[in-house]
Amino acid sequence: QVQLVETGGRLVQAGDSLRLSCAASGRTFSSNAMGWFRRAPGKEREFVATISSRGGTTYYADSVKGRCTISRDNTKNTVYLQMNSLKPEDTAVYYCAARRQSIATVRDSDYDYWGQGTQVTVSS
């Protein structure tokens, strides 16, 4: 069982930067691919970024490519999402997710564990 706790969400202004963190419990973190997803008000949950278990492979949604960076520290059981040049359309609840497998994937159905989410609000 893996438990995930996201932190770092808050109210920011357009153009600001923000780093989200996701701390994972358990002894398998270094074997788990990790992902970030988000759900904006009135919309479906969507993929943001993913990283393979050792960090060698990353994928990003087109909407955040060039503005966001996903990274991980396997010594701290933590995955990060650095977001720059934030826009009002980035406003959403951001969720961290873990796969039992090591390969990064963009489909939310491939993830086995989910955090409770952290709210990011970007004002214009």
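Going by the structure above, here's the rest.
All chains use their own residue numbering, which begins from 1 and follows the written sequence. In keeping with the model being predicted, local features are shown solely for residues with a pLDDT of at least 70 and side-chain atom pairs are shown and tallied solely at 80 or more, while totals for entire chains, interfaces and linings include all residues. Computation of side-chain values: all heavy atoms of the structure, hydrogens and water removed.

> Could you give an account of the sheet that holds strand β7 (residues 68-73), with specific residues and numbers?
Any two strands with at least two DSSP-identified bridges between them are counted as paired. A run of H or I in DSSP counts as a helix once it spans at least four residues, and a run of E counts as a strand once it spans at least two, with each numbered from the N terminus. Read across the sheet, four strands follow the order β1-β3-β8-β7 without closing on themselves; strand pairing throughout is antiparallel. Of all strands in the sheet, those with a lone pairing partner are β1 (4-7) and β7, marking the two edges. Strand after strand, the sheet turns through a mean of 15 degrees between neighbouring axes, direction not considered. With six bridges connecting them, strand β3 (residues 18-24) and strand β8 (residues 78-83) associate as antiparallel partners. Of the residues in β8, the one forming a bridge with arginine 19 is glutamine 82. For helices, the axis comes from a line fit to the C-alpha atoms of the stretch in contact; other axes are also lines fit to C-alpha atoms, and the angle between any two N-to-C directions lies between 0 and 180 degrees.

> Summarise the packing of aromatic side chains; cite the residues concerned and give the values.
Between 30 and 60 degrees the pair is tilted, below 30 it is stacked and above 60 it is edge-to-face, where a pair is any two Phe, Tyr or Trp rings, Trp via its six-membered ring, whose centres lie within 6.5 Å. Applying the stated criterion across every chain yields a total of four aromatic pairs. Ring plane angle 70 degrees and centroid distance 5.8 Å describe the contact between phenylalanine 37 and phenylalanine 47, whose orientation is recorded as edge-to-face. Taken together, the residues span a long stretch of sequence, with phenylalanine 37 in strand β4 (residues 34-39) and phenylalanine 47 in strand β5 (residues 45-51) at a distance of ten residues. A single burial state applies to phenylalanine 37 and to phenylalanine 47, both of which are buried. Note that arginine 45 overlies the ring of tryptophan 114, its terminal NZ or CZ placed 3.9 Å from the centroid. Sitting over a ring, as applied to charges here, requires NZ of Lys or CZ of Arg to be within 6 Å of the ring centre and within 35 degrees of the ring normal. Just above the ring of phenylalanine 29 sits the side chain of arginine 72; from NZ or CZ to the centre is 4.4 Å. Each residue is assigned to one of three classes by its accessible area relative to the maximum for its type, calculated with a 1.4 Å probe on protein chains only: buried under 20%, partly exposed between the two thresholds, exposed over 50%.

> Quick rundown of the pattern of salt bridges? Include the residues and the values.
Any Lys or Arg side-chain nitrogen located within 4 Å of an Asp or Glu carboxyl oxygen qualifies as a salt bridge. Inspection of the entire model under this criterion finds seven salt bridges. Of the charged contacts in the structure, one is a salt bridge between aspartate 90 and arginine 38, with a shortest N-O distance of 3.0 Å. In this pair, aspartate 90 is assigned in the loop between β8 and β9 (92-98) and arginine 38 in strand β4, connecting sequence segments 52 residues apart. By the burial criterion, aspartate 90 is buried, and arginine 38 matches it. For lysine 65, the salt bridge goes to aspartate 62, with nearest N and O atoms at 3.2 Å.

> Go over the environment of serine 30 with me, naming the residues and quoting the values.
Among the secondary structure elements, serine 30 is positioned in the loop between β3 and β4. Residue serine 30 is classed as partly exposed on the basis of its relative accessible area, which comes to 37%. Sequence spacing of serine 30 and serine 52 is 22 residues, and the spatial spacing of their C-alpha atoms is 9.2 Å.

> So what about the side chain of aspartate 90? Which residues, and what values?
For aspartate 90, a relative accessible area of 2% gives the class buried. Polar contacts here mean pairs of N or O atoms no more than 3.5 Å apart (in protein, one a potential hydrogen donor and the other a potential acceptor; neighbouring residues in sequence count only if both atoms are side-chain atoms). One polar contact links the side chain of aspartate 90 to the main-chain amide nitrogen of lysine 87, over a distance of 2.8 Å. Note on contacts: a residue pair qualifies if any of its non-hydrogen atoms lie within 4.5 Å across the two residues. With residues near it in sequence (within four places) discarded, aspartate 90 still touches Arg38, Arg67, Ser85, Val120 and Val122.

> Lay out the state of the cysteines with the relevant residues and their values.
Our working definition of a disulfide is a cysteine sulfur pair at a distance within 2.5 Å. Tallying each qualifying case throughout the model produces one disulfide. Cysteine 68 carries a free sulfur, and the closest cysteine sulfur to it, the one in cysteine 96, is 14 Å from it.

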